[in-house]
Amino acid sequence: MSVILALDTSTPACSVALNINGAVLEDFRMAPRLHNDLILPMVDQILDQAGITLSDLDAIAFGRGPGSFTGLRISAGVVQGLAFGADLPVIPVSTLAALSLEGFQKTGKNRWLAALDARMGEIYMGGYTVNKVEGRYVIESLIDECVVKPESLKGFTEHYNGVGSGWCYEDILSSLMPAAPEYILTDAAPRAACIADLAMLQFQQGATVSSYEAIPTYLRDEISWEKQAPRIGKR
């Protein structure tokens, strides 16, 4: 049996989840600016609810970004401390991939353009296909994670549904699709439950890091300010 604790503070939402061999418990709250106060009590509460301690875990997962700079630092810091103290491996999970999994779970649709509002007229964006094979979620990246101004994008060659706060630019993004998206889930936020689901697959594949390597993915720090539109054609 594998037991994974997951948490996310990358957006105004704050969430914690436990994946116990595929069964998921979650505490999800919309709590802008309260992450620092809530996250550790939420961890304690969900462990108590399951009747386990940190020593019973196999790994700790977190939403490694992209997302709020402050939120990502909070979750990474908490995970580093918990994982180091309990000598546990860490599983960093893309917040955009988690959004796409949420879209799949809610609608059954496979292809998603996940986008988070990055402020300054930009979005964090990634494109994915999601499937469930033999009881396990399988997710494939079709568009690399990037931060970009929506109006700089060119037309998409493939159809996507939309998920995440970055779809506040719905008119621009929808106009780039071969057809209007069937679903646009603007209110969706990365959830620890989805991060836990994806982390279970990564754990089984051995895709873990040490507590020292639990580093957020900011995207803005990783590319020049003269951003170029990502490749969005079919791979």
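Just so you know, these numbers come straight off a predicted model, no measurement behind them.

**Quick word on the overall build of the protein chain**
Along its length, the protein chain carries five helices and ten strands. The C-alpha radius of gyration computed for the protein chain amounts to 17 Å, which stays within 12% of the reference 18 Å derived for 235 residues, consistent with globular compactness. A buried classification covers 51% of the 235 residues belonging to the protein chain. With an accessible surface of roughly 10,700 Å², the protein chain has 49% of that area assigned to carbon and sulfur atoms. Each charge class in the protein chain was averaged separately, 18 positive and 27 negative side chains, and the resulting centres sit 6 Å apart.

**Thoughts on the sheet that holds strand S6 (residues 111-119)**
Spatial ordering of the open sheet is given by S8-S7-S6-S9-S10, a layout of five strands whose pairing is mixed. Strands with a single pairing partner mark the edges of an open sheet, and in this sheet they are strand S8 (136-148) and strand S10 (184-185). Alignment of strand S9 (residues 161-163) against S10, held across two bridges, turns out to be parallel. Residue pairing across strands places valine 163 opposite leucine 185, the latter belonging to S10.

**Things to note about the domain arrangement of the protein chain**
By the assigned domains, the protein chain splits into domain 1 (3-94 + 190-213) and domain 2 (95-185). Placing the centre of domain 1 and that of domain 2 at their C-alpha centroids yields a distance of 23 Å. On the side of domain 2, 16 residues touch domain 1, which itself brings 19 residues to the contact. For the domain 1 and domain 2 pair, buried surface summed over both sides reaches about 1,400 Å², with 66% attributable to carbon and sulfur atoms. Sorting the residues of domain 1 by area buried against domain 2 places Pro66, Ser94 and Leu198 first, and these three jointly supply 38% of that buried surface. Our count for the domain 1 to domain 2 interface comes out at one salt bridge. Counting every contact that joins domain 1 to domain 2 gives ten residue pairs in polar contact (both at pLDDT 80 or more). Listed by contribution, the elements that provide at least two residues to the side of domain 1 that touches domain 2 are strand S4 (59-65), strand S5 (90-94) and helix H5 (192-204).

**Here we look at the confidence of the model for the protein chain**
For the protein chain, the mean per-residue pLDDT works out to 93, and 94% of the residues sit at or above 70. pLDDT under 50 marks residues 222-229. Its contacts with residues more than four places away, or in other chains, come to nine contacts.

**As for the side chain of arginine 64**
As for its placement among the helices and strands, arginine 64 is situated in strand S4. Judged by relative accessible area, which is 17%, arginine 64 ranks as buried. Leave out the neighbours within four places in its chain, and arginine 64 touches Leu72, Pro92, Val93, Ser94, Thr95, Glu145, Ile215, Pro216 and Thr217.

**Here we look at the UniProt feature "domain: Gcp-like" (unreviewed entry) in the protein chain**
Residues given the UniProt feature "domain: Gcp-like" (unreviewed entry) here are residues 30-156. Helix makes up 37% of residues 30-156 and strand 37%, whereas the separation of the span's terminal C-alpha atoms amounts to 32 Å.

Parameters at a glance
- Residues numbered from 1 in each chain as written.
- Predicted model: local features only at pLDDT ≥ 70, side-chain atom pairs only at ≥ 80, totals over all residues.
- Heavy atoms only, no water.
- Helix = DSSP H or I, 4+ residues; strand = E, 2+ residues; numbered from the N terminus.
- Rg over C-alpha atoms; globule rule 2.2 N^0.38 Å.
- Buried < 20%, exposed > 50% of the residue type's maximum accessible area, 1.4 Å probe, protein only.
- Areas by Shrake-Rupley, 256 points an atom, 1.4 Å probe, with all protein chains shown as cover.
- Lys, Arg positive; Asp, Glu negative; His and termini not counted.
- Charge placed at Lys NZ, Arg CZ, Asp CG, Glu CD.
- Pairing = 2+ DSSP bridges.
- Domains from an automatic or database assignment.
- Contact = heavy atoms within 4.5 Å.
- Buried area = accessible area lost by both parts, 1.4 Å probe.
- Salt bridge = Lys/Arg side-chain N within 4 Å of Asp/Glu carboxyl O.
- Polar contact = N/O pair within 3.5 Å; in protein donor to acceptor, adjacent residues only side chain to side chain.
- pLDDT = per-residue confidence, 0-100.
- UniProt positions renumbered as here; feature names shortened; annotations may be inferred.

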